[in-house]
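# An overview of the molecular structure
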Amino acid sequence: QRKEVSGAMRQAEPTNVENLVIAARIEKQSGSMDAATRLLDEARSYINEQTPAHHVVELADELYALEKFPDAWPLYERIADPRVDTHLVKNLLYSYYRSGETEKAIQFSKRIPAEHKTPFLLQVELSVLEDIGDLAAASDAAERYLKAHPDDLQTRVHLATI
């Protein structure tokens, strides 16, 4: 029944990103990952400047959930503001990392205010910096984080190992 409703919604508005994401979720729940992926790819093809932000978020989040990080980060990039602590920031940084977009991850990390950095965001940033062998920058990032979060024992230990 859900597939029928979804099909009717897509037929009424075939290029509606949100309808395609809903259809992909239904396919995913029924175990049809190939169909879900096709629907998400189709939805990506309809993204433009007029696409409502919440449709972009829904699509990016679904791609992220499927670990399609190279497809998710360009969408998150359109809407994530590093100055605001949201899941979009976390998902964008992690998508950069998992896609091998090292330079983008480093530049984005620098734009996140230290007081908004969560332990997760810092760990991703440190992982990127350590992966490329920039231990000085990793040490600096950990020290900046600790100024805003002085009670974070785990980061103090991590800094000591760097």
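Presented here is a report on the structure given in the accompanying data block. Just so it is clear, the structure is predicted and the values come from calculations on it, not from any experiment. All residue numbers here refer to positions counted from 1 along the written sequence of the relevant chain. Selection of residues for local features in this predicted model requires a pLDDT of at least 70, selection of side-chain atom pairs for listing and counting requires 80 or more, and totals for whole chains, interfaces and linings are taken over all residues. Side-chain metrics in this entry use all non-hydrogen atoms of the structure; hydrogen atoms and water are not considered.

### Describing helix H2 (residues 17–29)
An ideal rise of 1.5 Å per residue puts 18 Å on 13 residues; H2 measures up with 18 Å between its terminal C-alpha atoms. Two N or O atoms count as a polar contact when they lie within 3.5 Å, although within protein this holds only if one can serve as hydrogen donor and the other as acceptor, and sequence-adjacent residues are included solely when both atoms are side-chain atoms. Working definition: helices are DSSP H or I runs of at least four residues, strands are E runs of at least two. Numbering for both runs from the N terminus. For H2, the capping residue at the N-terminal end is Asn16, with a side-chain oxygen 3.0 Å from the backbone nitrogen of Glu18. Looking one or two places after H2, you find Gly31, whose phi comes out positive at around 90 degrees. The span one expects for a helix is its residue count, reduced by one, times 1.5 Å.

### Quick notes on the packing of helix H5 (residues 69–79) against helix H6 (residues 87–98)
The description of two helices packed together rests on the angle between their axes and the distance between the axes. To get an axis, fit a line to the C-alpha atoms, keeping to the stretch in contact for a helix; angles then go from 0 to 180 degrees between the N-to-C directions. Put simply, H5 and H6 touch, their axes get as near as 8 Å, and they point 140 degrees apart. By the angle class used here, H5 and H6 are oblique. As for the relative orientation of H5 and H6, their crossing is left-handed in sense. Between H5, through Phe69, Ala72, Trp73, Tyr76, Glu77 and Ile79, and H6, the contact on the second element is made entirely by Leu88, Asn91, Leu92, Tyr94, Ser95, Tyr96 and Arg98. Considered class by class, the residues forming the contact of H5 with H6 number nine nonpolar, two polar and two charged. Angle categories are assigned with fixed cut-offs, so that under 35 degrees is roughly parallel, over 145 is roughly antiparallel, 65 to 115 is roughly perpendicular, and the rest are oblique. Take the far helix as the reference: if the near one is turned anticlockwise from it by less than a right angle, the crossing is left-handed, and if turned clockwise, right-handed. Here a residue-residue contact requires only that any non-hydrogen atoms of the pair lie within 4.5 Å. Each residue gets one of three labels, nonpolar for Ala, Val, Leu, Ile, Met, Phe, Trp, Tyr, Cys and Pro, charged for Asp, Glu, Lys and Arg, and polar for the others, Gly among them.

### Some thoughts on H5
When H5 is considered as a whole, its buried residues turn out to be Phe69, Ala72, Trp73, Leu75 and Tyr76. Looking at the buried positions of H5, the neighbouring elements they touch are helix H3 (33–45), helix H4 (53–65), H6 and helix H7 (102–111). Three exposure classes are used, based on accessible area relative to the maximum for each residue type with a 1.4 Å probe and protein chains only: buried under 20%, partly exposed in between, and exposed over 50%.

### Here's the deal with the environment of Tyr94
As for its placement among the helices and strands, Tyr94 is situated in helix H6. Taking the C-alpha atoms as reference points, Tyr94 and Glu49, separated by 45 residues in sequence, lie 24 Å from one another. Setting aside chain neighbours within four positions, we find Tyr94 in contact with Tyr64, Phe69, Phe120 and Val124.

### Quick word on unusual backbone geometry
One non-glycine residue, Glu67, lies in positive phi territory at about 60 degrees. Mapped onto the elements, Glu67 comes out in the loop between H4 and H5.

### Examining the packing of aromatic side chains
By convention, a stacked pair of Phe, Tyr or Trp rings (six-membered ring in the case of Trp) has centres within 6.5 Å and planes under 30 degrees apart, an edge-to-face pair has planes over 60 apart, and any other such pair is tilted. One pass over the full model with this rule turns up eight aromatic pairs. For the pair Tyr64 and Tyr76, a centre-to-centre distance of 6.2 Å together with 80 degrees between the ring planes defines the contact as edge-to-face. Here Tyr64, found in helix H4, pairs with Tyr76, found in helix H5; they are twelve residues apart in sequence, far enough to count as distant. Accessibility classification places Tyr64 together with Tyr76 in one group, the buried group. The ring of Phe120 has Lys90 lying over it, and the distance from NZ or CZ to the ring centre is 5.2 Å. In our convention, an over-ring charge means Lys NZ or Arg CZ found within 6 Å of a ring centre and within 35 degrees of that ring's normal.

### Some remarks on the pattern of salt bridges
Basic side-chain nitrogens of Lys or Arg form a salt bridge, by our definition, when they fall within 4 Å of a carboxyl oxygen of Asp or Glu. Within this structure, the stated rule accounts for nine salt bridges. Across the pair Glu62 and Arg25 runs a salt bridge, and its minimum N-O distance is 2.8 Å. Highlighted residues: Glu62 in helix H4 and Arg25 in helix H2, separated in sequence by 37 residues. Taking relative accessible area as the criterion, Glu62 reaches 6% and is therefore assigned buried. Residue Arg25 is classed as partly exposed on the basis of its relative accessible area, which comes to 27%. Salt bridges sharing partners connect three or more residues here, namely Arg25, Lys28, Glu58 and Glu62.

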